[in-house]
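# Examination of the molecular architecture
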Amino acid sequence: MTRLSRLLLGEAGFERAAVWSATGFALAFLAVDAVAPAAPLAPTPVAVACVAVAAVGVAGFARVGGGLLPSALLAYGPVAGALLGRSGPEIRLVAGGGITVGPGSGGTVGTALALVEPLALALAGAVAVGGVGYAVGHGLRVVGDRGAEADAGSEPVDD
């Protein structure tokens, strides 16, 4: 494996990042959506907390060998869930009508734009959160490896 591919892909797989990304999306979306009826500004701190937890998770993932691309994928789920829950259209299940997106009948274009905008912003946020989390996690990994090497050479030898 080349140095570039190790940087981009890492040693931990995409499957772990994909599963936690989907889980993070669902939890962040539900957390923000559950707080929304309480007060108009209440979902914002919850969304920020969800993104902060995602950043800590990305740093931990990178610490154990996750690459830059899986780190961004891992961050995308919670960031997208928080943004879609905070600023996205209202998504609801109507008895006999299926799933409706947005208020009233905004048409296909209005519905598509209402969904694409928060998800595109989430992509930019995931790149930022994933990049910072990867840098922090990778830095912690390097520091930890150097500390382990120093400790290994300082042990006394019994003769």
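Placed above this text is the structure.
The structure reproduced in this document is the subject of the present report. From a predicted model like this one, the values you see are computed outputs, not experimental measurements.

### A short note on the environment of serine 87
Relative to the assigned elements, serine 87 resides in helix α4 (residues 68-87). Sequence separation between serine 87 and threonine 44 is 43 residues; the distance between their C-alpha atoms is 9.6 Å.

### Some remarks on helix α2 (residues 14-35)
Between its terminal C-alpha atoms α2 stretches 31 Å, which fits the 32 Å expected from 22 residues at 1.5 Å a residue. Looking at α2, one finds that the buried residues are Ala17, Ser21, Gly24, Ala28, Phe29 and Val32. The buried residues of α2 occupy an angular sector of 125° when projected down its axis, which confines them to one face. In α2, those exposed residues whose orientation departs by more than 90 degrees from the buried face are Glu15, Val19, Leu27, Leu30 and Ala34.

### What about the environment of glycine 85?
Mapped onto the fold, glycine 85 is located in helix α4. Along the primary structure glycine 85 and proline 118 are separated by 33 residues, whereas in three dimensions their C-alpha atoms are 9.1 Å apart. Setting aside anything within four residues of it in sequence, one finds glycine 85 in contact with Phe29 and Val32.

### Description of the packing of aromatic side chains
Applying the stated criterion across every chain, the model contains one aromatic pair. Between phenylalanine 25 and phenylalanine 29 the ring centres are 6.1 Å apart and the planes differ by 5°, which places this aromatic pair in the stacked class. Within this pair, phenylalanine 25 and its partner phenylalanine 29 are both found in helix α2, separated by four residues, close to a single helical turn. Note on phenylalanine 25: relative accessible area 31%, which makes it partly exposed. Since its relative accessible area comes to 19%, phenylalanine 29 is described here as buried.

### Looking at the side chain of serine 71
For serine 71, the location among the structural elements is in helix α4. Separated by 2.6 Å, the side chain of serine 71 and the backbone oxygen of glycine 67 make a polar contact. With residues near it in sequence (within four places) discarded, serine 71 still touches Val58, Phe61, Ala62, Gly66, Gly130 and Tyr134.

Parameters at a glance
- Residues numbered from 1 in each chain as written.
- Predicted model: local features only at pLDDT ≥ 70, side-chain atom pairs only at ≥ 80, totals over all residues.
- Heavy atoms only, no water.
- Helix = DSSP H or I, 4+ residues; strand = E, 2+ residues; numbered from the N terminus.
- Expected span 1.5 Å × (residues − 1).
- Buried < 20%, exposed > 50% of the residue type's maximum accessible area, 1.4 Å probe, protein only.
- Arc of directions from axis to C-beta.
- Contact = heavy atoms within 4.5 Å.
- Phe/Tyr/Trp six-rings, centres within 6.5 Å; stacked < 30°, edge-to-face > 60°.
- Polar contact = N/O pair within 3.5 Å; in protein donor to acceptor, adjacent residues only side chain to side chain.

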